[in-house]
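Residues per chain, in single letters:
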Amino acid sequence: MPERRREHVPRIIAHRGAHGPAPEHSRAAYVQALADGADGLECDVRLTADDVAVCWHDATLDRTTTEQGPLAERTYAGLREVLLKPAGTRRADAGGTHRVLRLAELVELAAGAARTVELAVEVKHPDPRGRPTEDAALEVLTAAGWEATTGAVGAARVSLMAFDPDALERLAGQGVSRRDLVLLVDAGDPVALTRLTARPDDDATRAARSVARALALVDDGAFGGVGPSVAFVRGHPERVERWVRAGRALRVWTVAGANDLDVCLRAGAEAVITDQPAALRRILGRAPGRGGG
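Residues numbered from 1 in each chain as written. Predicted model: local features only at pLDDT ≥ 70, side-chain atom pairs only at ≥ 80, totals over all residues. Heavy atoms only, no water.

Some remarks on the nonpolar core
Counting residues in hydrophobic clusters, the biggest one holds 67 residues, and the most contacted among them are Leu41, Leu103, Leu106 and Leu119. The contact partners of Leu41, leaving out residues within four places of it in the chain, are Ile13, Ala14, Tyr30, Ala33, Leu34, Leu106, Ala110, Glu118, Leu119 and Ala120. Judged by nonpolar contacts, the second largest core, of nine residues, contains Leu71, Leu79, Leu84 and Val100. (Core = buried A, V, L, I, M, F, W, Y, C linked by side-chain atoms within 4.5 Å. Buried < 20%, exposed > 50% of the residue type's maximum accessible area, 1.4 Å probe, protein only. Contact = heavy atoms within 4.5 Å.)

In structure tokens:
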């Protein structure tokens, strides 16, 4: 990894909230993240059967609830009856207090924070019914008073993220500043993916082409930010170095501890996405429970 100056302290963004007793994407997880001093909140957005934008990562209910089946087949009212559970556990908390959170509720929480916070919204693709999740997210933000020119809604500064470049292009076409768009990339090597098969029309080749296109768009400055995984930063240091030198805002996910954080600092990351914002604040020598310090 090339040596870079470390005087910049990256912003800490809570990945689906602060992981702990509260389930991911629950209101309690986000409230805890703010109490832990997170500089920002990250969420994933999917649509229910009746087109309500909710904070949800997986395509199904299986991992994070007491039930099973595709999220897209449930109405919002039906989802409200489903109990969330911390990942890796078998049952919800005894009180049954954690339930699905609408994107609108998270926007309200972030906008009403006592300090400026970043709200990083990832639109998930593909939707099983082919719906543009980014349109629904934009409708929620607009209804909350979001300003496209500044990216602000109340105390929150919003950025929109996706692995799908077409989703970001669609948002740019609807007035979102490219400065506030972040293309996410993982550790896949497009050359290696292409070599998996000689057939030009199969899934592996399409995936390779998609990855190659995404990386080319970042190289060309199509979007203001780039969000590589920690594994990508480790595996492609020269490319990441070029992005940073060209002025791309580097936001790395998912940062788990001191070793990952050191990689991010060396790379010149402006922000890191983590499950444990309080722990990263301690590593960085920032006082817990206060943002911006």
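Quick notes on the pairing of strand S9 (residues 249–252)
Pairing of strand S8 (residues 225–228) with S9 involves two bridges; the strand directions are parallel. Each bridged residue has a counterpart across the sheet, and for Val226 the counterpart in S9 is Leu250. Relative to strand S10 (residues 271–274), S9 runs parallel, the two being bridged by two bridges. For Arg251, the partnering residue across the bridge sits in S10 and is Ala271. (Pairing = 2+ DSSP bridges. Helix = DSSP H or I, 4+ residues; strand = E, 2+ residues; numbered from the N terminus.)

Structural notes on the pattern of salt bridges
Using the criterion set out here, one finds 21 salt bridges in the structure. Note that Asp58 is salt-bridged to Arg63, the shortest N-O span being 2.7 Å. Among the charged side chains, a network of salt bridges with common partners joins Arg16, Glu24, Asp44, Asp58 and Arg63. (Salt bridge = Lys/Arg side-chain N within 4 Å of Asp/Glu carboxyl O.)

Considerations on helix H1 (residues 27–35)
Residues Ala29, Tyr30, Ala33 and Leu34 constitute the buried set of H1. Taken end-on, H1 shows its buried residues confined to a sector of 140°, consistent with a single buried face. Where the residues of H1 are buried, they touch strand S1 (11–15), strand S2 (40–47), helix H3 (103–111) and strand S4 (117–123). (Arc of directions from axis to C-beta.)

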